[in-house]
Amino acid sequence: GRAALSPDGPPSGPAALPHPQIRSVMNALVKAEGENYPKVFCRFLETGGVALLDGARDLLQANAAYAEFISKLLWISWEEETQRAFLDENHGKVALGLLAALFASSSRIARVCAGLLVSSLLATELLGEKAGSAASGVHRLVEDMVGTPVNSGEGKSTNGSSSDAEFANFLTTLGQNEERFARILDCVSAPWRGGSFPHKDHPLWASCSFGLWCLQRIAPKASQLSSLRPALPALARSHAPGRVRWLAGELILQLQTQAAAQHRISDADDSGSGQGMIETTVEESIALEAILREQLLNSRHQLQSDVEESHEVLATQKALIAQRQEPPNFSKSVWHQPFEGSLKRLTTVRGTLSTSLDSSEQRREKALTAVRSVLQLDLDGSDNEAERRALSVKLEGMREVEVSFLNKRQQVQEGQESVKGHEEHTEQLRQSMEHTDQAVQTARQAISELEQQINSKYREAQHFRTMASSDVSARRRQLEMDLDLIKGRQTELRERAARLKNGEPLEPGMQPLLGAPAHEEMDRMKAESQKLKARAADLNNEIGKLVDSDPASLERQALAADESVQQLSEERDALRAELPRLEAEHSNERSGWQAALSQLQSARQTLQMLERECSGLKQQLDSGWSSWQPLWSKRLNVWKERMKLLKEAQQGSHQLAQAVGEGWESLRDERQQRQRALEELRELRANLNELEEELLSLDDKVLGDFE
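Sequence order sets the numbering: in each chain, residues are counted from 1 along the sequence as written. Where local features are concerned, this predicted model is filtered to residues with pLDDT of at least 70; where side-chain atom pairs are given and counted, the filter is 80 or more; whole-chain, interface and lining totals use all residues. Side-chain metrics in this entry use all non-hydrogen atoms of the structure; hydrogen atoms and water are not considered.

Attention now goes to the overall build of the protein chain. Counting its regular elements, the protein chain contains 22 helices and 0 strands. Accessible area is worked out with a 1.4 Å probe on protein chains only. A residue is then buried under 20% of its type maximum, exposed over 50%, and partly exposed in between. Scored against the burial criterion, the 707 residues of the protein chain give a buried share of 41%. Here, Shrake-Rupley sampling with a 1.4 Å probe gives the accessible areas, and only protein chains in the shown set may cover a residue. Only carbon and sulfur atoms are counted for the fraction: they give 49% of the accessible area of the protein chain, which is about 38,700 Å². Numbering of helices and strands starts at the N terminus; helices are DSSP runs of H or I of at least 4 residues and strands are runs of E of at least 2.

This is the structure:
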């Protein structure tokens, strides 16, 4: 990057700067670094970058492409840290000289970038005592840019400056990057950063003026100016310099034109200003009418004065050119060839004087026509007043509706928040109610399980005591007999299952079962077999206990079961005592939830009613807007046409001033060539005097004597 910015880096000759490869390298560097690029460029400035750029200061003025290249790189990285590095006390004067060189560039793009750079320095108040002179330069640049046409289609000039198409495209790209667009907004809002407007001659107004001109050329959406828009009407009515207030009025005209193009007020209200669109329109329309009227009235006088002054100047130039139309005659001779060359150059220059005068006259007529169009504008006609009154009446009616709408919309927002709060509260109560209900169900389930365990333990104790006091052998024989019966039944079921699978009759004299009846019988036998198997396991278990038990052991087991019954009964009684409290708590929670649910329903009904009322007011506003919008659009188009005529007159006046300047420059060229011819004439006269003396010095006395 450092080699690319060096004046010795590009290939050959200033006309080739910047080389396409270097431009590609720097663009790639900017893209690769991204948000970090300003820091990279800041380090470059801190490590000798300013001195490196200063080495190409003359090139900045001589070559427009190089000036554009450097100015864009500076603007892309122009964060406050970069500004401080650029103005460091070690090279502050050199840095200001670079900015002056960019201001003097023939490229309009470079000059606009220079204006942005200096405006940002003014906004950050880093220029100190140099702020006054810098502000004067920015004010002059604004006036120059206001009178310069952007889309005249003239193409590229011979000095290498950008074409109007390129210039217009560059202006539209100023707002594409959010950070750089934010810098422009900071330039505009710098004067009232402290909460009030400064005095009329404060340097910050220059920063504001140039930022407003840039915004006017960018033509951003209203949403991009949400932070700036509320201040524009007050700025237009303030004691700021005239150009600042006029540019603010033109920006308001752009914003209102955008809003008037929408058919519904909700589509137009994207300013984000915190107030209603109608209220915004009321304030902006009043400021717009007043400030644009003031601009037209002021510009009328100024344009007429400029054209009259140009007329007098052109008359003076015409008289001077008439005196210089006749070329001097001189017979050809070797003695005065240098003088004759000067005379030819003088004659050529004098020949261009009439062409320059004709061009000036044509531009004067064009400017005069444009100025007459501005002078003939009817700003105080009865039709205009009637239109303004009709618009004012409609706007005031919508203003009252909008106040009601905004209040109702606020109530809707509050209602939505209330419903949301009720929903959250109701949900909390529902969860709490379900929690207490779960606690009640758990307690009831625990009581039921404890009662089952108590009954089981009680039966178990009785069983053990019965066994201890009874004849075990008789009981065992009974259990074994029951077990034999089960085994016999299981054998019978297996035989029946085998006959069923083989398709044989289950009983003699019966038909074999097939199909669905066979499957049903098989399922029945399987179920019975499972029950018999479980019963057999129980009998075997009980027989095992009878074998291993004695009366003393059975008594101990009975006592243990009694203790379990006592402990489980205490737990059950404690849960029964706790259950009424849990049931009461659940009942309270349920009552609270039902009350909250009722309040939620009431809040929802209130919100629905407010939403219907708000929707009705919005429809009323949209209806009023749709009937008012064509009238306001027509009024805005009138102002746009007036401002278009004013711009044409200003541009014509600017071009006329350029033509007058070119005329004076041609006369100065003629004077220079005439002075050269006089110098040649003096030299020729000296040569002739020497020749005369040489000829007179010859002695003719002897020749006379002979005669």
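Another aspect to go through is the packing of aromatic side chains. Any two rings among Phe, Tyr and Trp, with Trp reduced to its six-membered ring, count as a pair given centres within 6.5 Å; such a pair is stacked if its planes are under 30 degrees apart, edge-to-face if over 60, and tilted if neither. According to the stated counting rule, one finds 8 aromatic pairs in the structure shown. Judged by centre distance (5.3 Å) and plane angle (70°), the ring pair of Trp78 and Phe86 falls under edge-to-face. Pair check on accessibility: Trp78 and Phe86 agree, each one buried. Plain terms: the ring middles of Phe210 and Trp213 are 5.7 Å apart, the flat faces sit at 35° to each other, and that makes the pair tilted. Pair noted here: Phe210 and Trp213 are both in helix α12 (residues 204-218), with a separation of 3 residues, about one helical turn. Just as Phe210 is buried, Trp213 falls in that class too. In textbook terms, an aromatic cluster arises when at least three aromatic residues are bridged by ring pairs, as seen for Tyr37, Phe41 and Phe44. By definition here, charges over rings are those cases where NZ of Lys or CZ of Arg is within 6 Å of the ring centre and within 35 degrees of the ring normal. One residue, Arg183, lies across the ring of Trp75, its end atom 4.9 Å from the ring centre. A cation over a ring is seen here: Arg642 above Trp639, with NZ or CZ 4.6 Å from the ring centre.

Our focus in this paragraph is helix α14 (residues 242-260). Across its 19 residues, α14 extends 27 Å between first and last C-alpha, which sits within 8% of the 27 Å expected from 1.5 Å per residue. Within α14, 16 of the 19 residues are buried, which leaves the element mostly enclosed by the surrounding structure. Each helix should span, by expectation, one fewer than its residue count multiplied by 1.5 Å.

We now examine helix α3 (residues 37-54). For α3, with 18 residues, the first-to-last C-alpha span of 21 Å runs short of the 26 Å given by 1.5 Å per residue. For α3, the set of buried residues is Tyr37, Pro38, Phe41, Cys42, Phe44, Leu45, Gly49, Val50 and Leu53.

For the rest of this paragraph, the subject is the environment of Arg535. Take Arg535: it is sitting in helix α20 (residues 516-548). A C-alpha to C-alpha distance of 8.1 Å links Arg535 and Ile486, two positions 49 residues apart in sequence.

On to a negative patch on the surface, then. Negative charge collects at one region of the surface, where Glu690, Glu692, Glu693 and Glu694 lie side by side. Here Glu693 lies in helix α21 (residues 551-696). Patch rule: a residue counts if its relative accessible area is over 30% and it has no salt bridge; like charges are joined within 9 Å, and nonpolar side chains (Val, Leu, Ile, Met, Phe, Trp, Tyr) within 5 Å. Any carboxyl oxygen of Asp or Glu within 4 Å of a side-chain nitrogen of Lys or Arg constitutes a salt bridge here. Under the counting rule used here, the positive set is Lys and Arg, the negative set is Asp and Glu, and His together with the chain ends is not counted. Positions of charges follow a simple convention, taking NZ of Lys, CZ of Arg, CG of Asp or CD of Glu.

Note on placement: Ser418 falls in helix α18 (residues 382-469). Residue Ser418 is classed as partly exposed on the basis of its relative accessible area of 33%.

For our purposes a nonpolar core is just a set of buried Ala, Val, Leu, Ile, Met, Phe, Trp, Tyr and Cys residues, chained together by side-chain atoms within 4.5 Å. With 114 residues, the main nonpolar core has Phe86, Leu212, Trp213 and Leu235 as its most contacted residues. With 15 residues, α21 is the largest single contributor of residues to this core. Note on contacts: a residue pair qualifies if any of its non-hydrogen atoms lie within 4.5 Å across the two residues. Beyond its immediate chain neighbours, meaning those up to four positions away, Trp213 contacts Val112, Met145, Val146, Phe167, Leu171 and Leu247. Core analysis: the next-biggest nonpolar cluster, separate from the first, contains 14 residues, Ile486, Leu493, Leu500 and Leu506 among them.

What follows deals with the confidence of the model for the protein chain. Note: pLDDT gives the predictor's confidence per residue, expressed from 0 to 100. For the protein chain, the average pLDDT comes to 80, and 80% of its residues sit at 70 or higher. When the criterion is pLDDT under 50, residues 152-162 qualifies, and its contacts beyond four places in sequence or with other chains add up to 19 contacts. Counting interchain partners and residues more than four positions distant, the pLDDT-below-50 stretch residues 331-335 has 4 contacts.

Attention shifts here to the environment of Trp625. Mapping Trp625 onto the fold places it in helix α21. Using a relative accessible area of 0% as the deciding quantity, one classes Trp625 as buried.

A pair of packed helices is characterised by two quantities: the angle between their axes and the separation of those axes. Between the N-to-C directions of two axes lies an angle of 0 to 180 degrees, each axis being a line fitted to C-alpha atoms and, for a helix, fitted only over the stretch in contact. Across the interface, helix α5 (residues 64-76) lies against helix α8 (residues 108-123) with an axial gap of 8 Å and an inter-helix angle of 30°. Compared by their axis directions, α5 and α8 come out roughly parallel. For the element pair α5 and α8, the recorded crossing hand is left-handed. Each of Ala67, Glu68, Ser71, Lys72, Leu74 and Trp75 in α5 lies in contact with α8, whose residues at this interface are Ile109, Ala110, Cys113, Leu116, Leu117 and Ser120. Any residue that is not Ala, Val, Leu, Ile, Met, Phe, Trp, Tyr, Cys, Pro, Asp, Glu, Lys or Arg is counted as polar, Gly included; the first ten are nonpolar and the last four charged. Residue composition of the contact of α5 with α8, by class: 8 nonpolar, 2 polar and 2 charged. Note on angle classes: values under 35 degrees are labelled roughly parallel, values over 145 roughly antiparallel, values of 65 to 115 roughly perpendicular, and the remainder oblique. By definition, any crossing whose near helix is turned counterclockwise from its far helix by less than a right angle is left-handed, and any crossing with a clockwise turn is right-handed.

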